[in-house]
Protein chains: 2
Amino acid sequence: MSDPPPGKSAYAASGVDIDAQERGLERIKRLARSTVTPGVLSEIGLFGGLFRPDLTGVAEPVLVASADGVGTKLAVARMAGDFSTVGRDLVNHCVNDVLVQGALPLFFLDYVGAGKLEPDQLAALVGGVAAGCRENGCALLGGETAEMPGFYQPGDYELVGFVVGLVDRARILDGSRVAAGDVLLGLPSAGLHTNGYSLARRILFETMGLGLRDRLPGDPQRRRVGEWLLAPHLSYLAALRPLLAHPGLHALAHVTGGGLTDNLPRVLPAGLQAEVRFGSWEIPHPFRLLQEKGDVELEEMFRVFNMGIGMVAVVDPAALAEVSKRLAEGGQRALPIGLVRAGDRGVVYDLGLTEPDGD
Amino acid sequence: MSDPPPGKSAYAASGVDIDAQERGLERIKRLARSTVTPGVLSEIGLFGGLFRPDLTGVAEPVLVASADGVGTKLAVARMAGDFSTVGRDLVNHCVNDVLVQGALPLFFLDYVGAGKLEPDQLAALVGGVAAGCRENGCALLGGETAEMPGFYQPGDYELVGFVVGLVDRARILDGSRVAAGDVLLGLPSAGLHTNGYSLARRILFETMGLGLRDRLPGDPQRRRVGEWLLAPHLSYLAALRPLLAHPGLHALAHVTGGGLTDNLPRVLPAGLQAEVRFGSWEIPHPFRLLQEKGDVELEEMFRVFNMGIGMVAVVDPAALAEVSKRLAEGGQRALPIGLVRAGDRGVVYDLGLTEPDGD
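Just so we're clear, the structure is a prediction, and the values are computed from it rather than from any experiment.

Conventions used here
Residues numbered from 1 in each chain as written. Chains lettered and ligands numbered in written order. Predicted model: local features only at pLDDT ≥ 70, side-chain atom pairs only at ≥ 80, totals over all residues. Heavy atoms only, no water. Phe/Tyr/Trp six-rings, centres within 6.5 Å; stacked < 30°, edge-to-face > 60°. Helix = DSSP H or I, 4+ residues; strand = E, 2+ residues; numbered from the N terminus. Buried < 20%, exposed > 50% of the residue type's maximum accessible area, 1.4 Å probe, protein only. Pairing = 2+ DSSP bridges. Axes fitted to C-alpha atoms, helices over the stretch in contact; angles between N-to-C directions. Least-squares fit on C-alpha atoms with pLDDT ≥ 70 in both. Contact = heavy atoms within 4.5 Å. Core = buried A, V, L, I, M, F, W, Y, C linked by side-chain atoms within 4.5 Å. Buried area = accessible area lost by both parts, 1.4 Å probe. Salt bridge = Lys/Arg side-chain N within 4 Å of Asp/Glu carboxyl O. Polar contact = N/O pair within 3.5 Å; in protein donor to acceptor, adjacent residues only side chain to side chain. Nonpolar A, V, L, I, M, F, W, Y, C, P; charged D, E, K, R; others polar. Domains from an automatic or database assignment.

Q: With reference to specific residues and values, describe the packing of aromatic side chains.
A: For any pair of aromatic rings, geometry is given as the distance between the ring centres together with the angle between the planes. Residues and elements named next belong to chain A. Tallied over the entire structure, the rule returns 22 aromatic pairs over all chains. On the numbers, 5.3 Å between centres and 50° between planes, the contact of Phe51 with Phe107 is tilted. In this pair, Phe51 sits in strand S1 (residues 49-51) while Phe107 sits in strand S3 (residues 104-114), placing the two residues 56 residues apart along the sequence. When sorted by exposure, Phe51 lands in the same class as Phe107, which is buried.

Q: Got a sec to walk through the sheet that holds strand S5 (residues 157-168) of chain A? Specific residues and values, please.
A: Pairing in this open sheet of five strands is mixed, and the strands run S4(A)-S3(A)-S5(A)-S2(A)-S1(B) from one edge to the other. Of all the strands in the sheet, the pair left with one neighbour each is strand S4 (139-147) of chain A together with strand S1 (49-51) of chain B. Taking the axes of each pair of neighbouring strands and ignoring which way they run, one obtains an average angle of 20° across the sheet. Alignment of strand S2 (residues 61-69) of chain A against S5(A), held across nine bridges, turns out to be antiparallel.

Q: So what's going on with the relation of the copies chain B and chain A? Which residues, and what values?
A: Placing chain B over chain A gives an RMSD of 0.0 Å and needs a rotation angle of 180°, together with 0.0 Å of translation along the axis. Put plainly, the chains are arranged around a two-fold axis. No C-alpha of chain B lies nearer the rotation axis than that of B:Tyr152, which sits 2.9 Å from it. Interface overlap between copies is the fraction of interface residues in one copy that are interface residues in the other; for chain B against chain A it reaches 99%, indicating a shared surface.

Q: Tell me about the nonpolar core, and name the residues and values.
A: Counting 236 residues, the largest nonpolar core has A:Phe107, A:Leu229, B:Phe107 and B:Leu229 as the members making the most contacts within it. Excluding residues that lie within four positions of it along the chain, B:Phe107 makes contacts with A:Leu63, A:Ala65, A:Val164, B:Phe51, B:Cys138, B:Ala139, B:Leu141, B:Phe162, B:Val163 and B:Val164.

Q: Describe the interface of chain B and chain A, listing the residues and the values that go with them.
A: On the chain A side, the residues contacting the 82 residues of chain B number 82 residues. In this assembly, chain B packs against chain A so that about 6,900 Å² is buried in total across both faces, 61% of it on carbon and sulfur atoms. Here B:Arg52 ties to A:Glu60 by a salt bridge, and the two come within 3.3 Å at their closest N and O atoms. Where chain B meets chain A, there are 13 residue pairs in polar contact (both at pLDDT 80 or more). With nine residues, the top contributor of residues to the side of chain B that touches chain A is strand S2 (residues 61-69) of chain B. Class assignment for the residues of the side of chain B that touches chain A results in 44 nonpolar, 19 polar and 19 charged. When S1(A) meets S2(B), the two strands line up antiparallel, connected through three bridges. In the strand pairing of S2(B), A:Leu50 is matched with B:Val64.

Q: Please provide a residue-by-residue account of the domain arrangement of chain A, values included.
A: All names here are of chain A. Domain boundaries assigned for chain A yield domain 1 (14-171) and domain 2 (183-350). The C-alpha-based centres of domain 1 and domain 2 are spaced at 25 Å. Across the boundary between the two partners, domain 1 contributes 22 residues, which contact 26 residues of domain 2. Between domain 1 and domain 2 lies a buried interface of about 2,100 Å² when both sides are counted; carbon and sulfur atoms form 67% of it. Interface area lost by domain 1 to domain 2 is led by Lys73, Val76 and Leu99, which between them contribute 26%. Our count for the contact surface shared by domain 1 and domain 2 stands at 13 residue pairs in polar contact (both at pLDDT 80 or more). Taken together, the elements giving at least two residues each to the side of domain 1 that touches domain 2 come down to helix H3 (73-80), helix H4 (86-99) and S3. With seven residues, the top contributor of residues to the side of domain 1 that touches domain 2 is H4.

Q: If you had to explain the pattern of salt bridges to someone new, which residues and values would you point to?
A: Residue and element names in this part refer to chain A. Under the criterion given, the structure shown has 32 salt bridges over all chains. Note that Arg27 is salt-bridged to Asp120, the shortest N-O span being 3.2 Å. In this pair, Arg27 sits in helix H2 (residues 18-33) while Asp120 sits in helix H5 (residues 119-135), placing the two residues 93 residues apart along the sequence. With a relative accessible area of 55%, Asp120 lands in the exposed category. Between Arg78 and Asp156 there is a salt bridge whose closest N-O contact spans 3.3 Å. One end of the pair, Arg78, is in helix H3; the other, Asp156, is in the loop between S4 and S5, and 78 residues separate them in sequence. Judged by relative accessible area, which is 6%, Asp156 ranks as buried. When salt bridges with common partners are traced through the structure, they connect Glu275, Arg277, Arg341 and Asp350 into a single cluster.

This is how it looks when you write it as C-alpha cells:
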C-alpha cells in the first residue's frame, strides 16, 4: 500500500475523515437544538446527553425504552435519492413502541453508520430524525455517527434509534386488563410503515419489474411505487395521548414486524385470543397487489405486513362509543376490526362466512 | 423471478426468516435474564423495556444517555471468527460515556443488524453484551435484531448500543469545576478500545501484510496481532465509582474517537488548556509500531488512537495523593500525565525538553 497522498492524513486515506465528521457534527447540533424540550440539560458534544424528567405528579416513575431500525426501507430511500423521510419513520416507530406501554417519549438518540458519511445525506437523515422528534415533543438528546469503510455498500446508510419514555407505574399498559368481549379498534397505517420491505421490494422490483416512478397497477389512488413505499410510519401519539389515562383503554398493540398475528398476542393474557374479522376494514390495494403478484399465502401476509392497520387499541365495549368519539374528534380514523374472546392465546382470522363459535 | 421453493415462505425466500428469528430471540431472552437488576419490570418481548429507577436519596434525578457502536473492530472480530468479545467492548464504551458525567448505568439496549443473522453469531454477540451488562451491574433491557438482505456484506454484523444512567443533578461532572493547576491522571487502556480500527487494520494488514496470528514485530509482550486488536475496551466504572462523590475529582474524560486531543477539551472551561507531557507514561509498543510503519504524524496519532490512556481523571492537586491511593487500593493503575493551565482551550503536548511557558 502506498503512502497517503500529500496533504491528506493517514486516517483520511484509510477512509475516515475526522475533520469532515466534525463539520457534519455542527449541522447535527443545529438540528438537535431544534428539538430541545424543557428537560434537556446538555448539548450534543458531551459524552452523554443529560435529561431531567419532570416527575411532578408521578407517584412511581417507570422508564420505558425501545431500540429500532427502519430495515430495508433504507434501500428504497437510497434508490429514491432521498434520505429525508426515514428519520421520521424511525422516531415514529420508536415513539409508538413506548406509547403502547402507556409512556410518553422523553428523548431520542440516533446512530448513523455508513462506509462514507456524505454531509448532505447525513444532514437529510438526521434532519428527518429531528423533524420526527419535534412532532412528537421528544428531544434529540444525542447520537453517534460512524464511518466504517468497506463495511457498508457504497451509498448505503444504517439508521438506528433509541427512545426513552416515562410512565407512572399505575398507568402502565401491559395487557393485564384485557378481557373477553373487548373490542379491537384498528387505526389505519399509511403504508408498509417500516416492516416487510425485503419481500415488498422483491415482488415490486424483481417479480413485477416496476420502478419507483411507475404507478402501482390497478391502484384506485394511482400512487407511484416510490411514493407508497416511502409513505411515513405514522405516530399515534397525538391521537392516543388523551386516552392513555382512560380506564376503558385496556391495551395498545403496535403492528410492526410479525404483523397482527405476532403483535396482538403480546397484549393478550393467557386464555384469551383475538378474533380479527376480514372485511371489517378495507385492505389497501397495494397489499392485495403484493399478495397476488408475489403469490404469498394470506397467513404469511398477516405476519409480514401490517395490512393497513398500524395500531390496535383494545377497548372495553362499555367505553367504545366514547373512545371512538374522542379519536374521531382528534381526526384519527379507527374501525372495529374484531373482538377478544376465550381461547388459546393467538390471533384467529374470521373470514366472515360463519358466526364465531368460541372455538 | 421464480416462485418461492415449496415449503419455504415467500418472506424466507426474500431472505428474512421470521421463525428462525423467533428461535434466536429465545436465546437472547435467556441472556437478558442473566442481567436482570432490581429495577427491571419487564422481559424482552414487550414493545418496550420497563425500568423503575431507585430514586432513594436522589434529590433531582437526571438521566444520562449515550449511543455508540464498536466501529470496524467488528471487521477484526469477523476475521477472527469470534463475535463473543465485541459486545463487552460496546457496553464498556457506553458505560464509560455516562460515567464521565458522574452517572451510574441503569440499563442498556442493543441493536444487531446483518444480511443474515446466524443464530450462533447472534448469540455470541448478545452473549458478549450480556456479559458486559453483568459486569457493570446494568440490565440488558431490550434490543432489536434486523435481517437486511443485501444491505450488509455476507458475514458482517453491525452492533449498536445505547445506555441510560442516572445521576443526582448536584453530582453531575461537567468540567465546570476544572481549574488551573489540576492534575491529569491517566488510566491505562488495554489496547485500541474501539477507536482507530480502520487505520490500524490498514497499517497492520495491508502495509505490513500481517495476519491475526502473527506476533506484533518487536513487541516486548510478544502479543499476537489479533489478540491485541481484540483486547477489550475497559470499563472504568468499578475503579471510579467510589470516587464520583469526591470533591477533588473535578472531571473525567473518556478517550474515544478524537483521542486525547479532542476529548480532553470537552471538560475544559474556556481559558484553560491541558498540557500533556510526553514521557510521563510509556506509550505501548503497538501504537509506536503503527506510527512508524504507517508513517503517521504524531499529531494525528493522538487524534486517532488513545495512545495507551483510556480515561483521564482531572484531579484537584490537594486531593491527588488520596485519589491516587484509593485508585491503587482498587487495583486501578493511574499516572499523572499532565496539568491544566491557563491558555486557549485545547491540548498542548509538551515534549519534555523545555519548561512550559504559558504559550
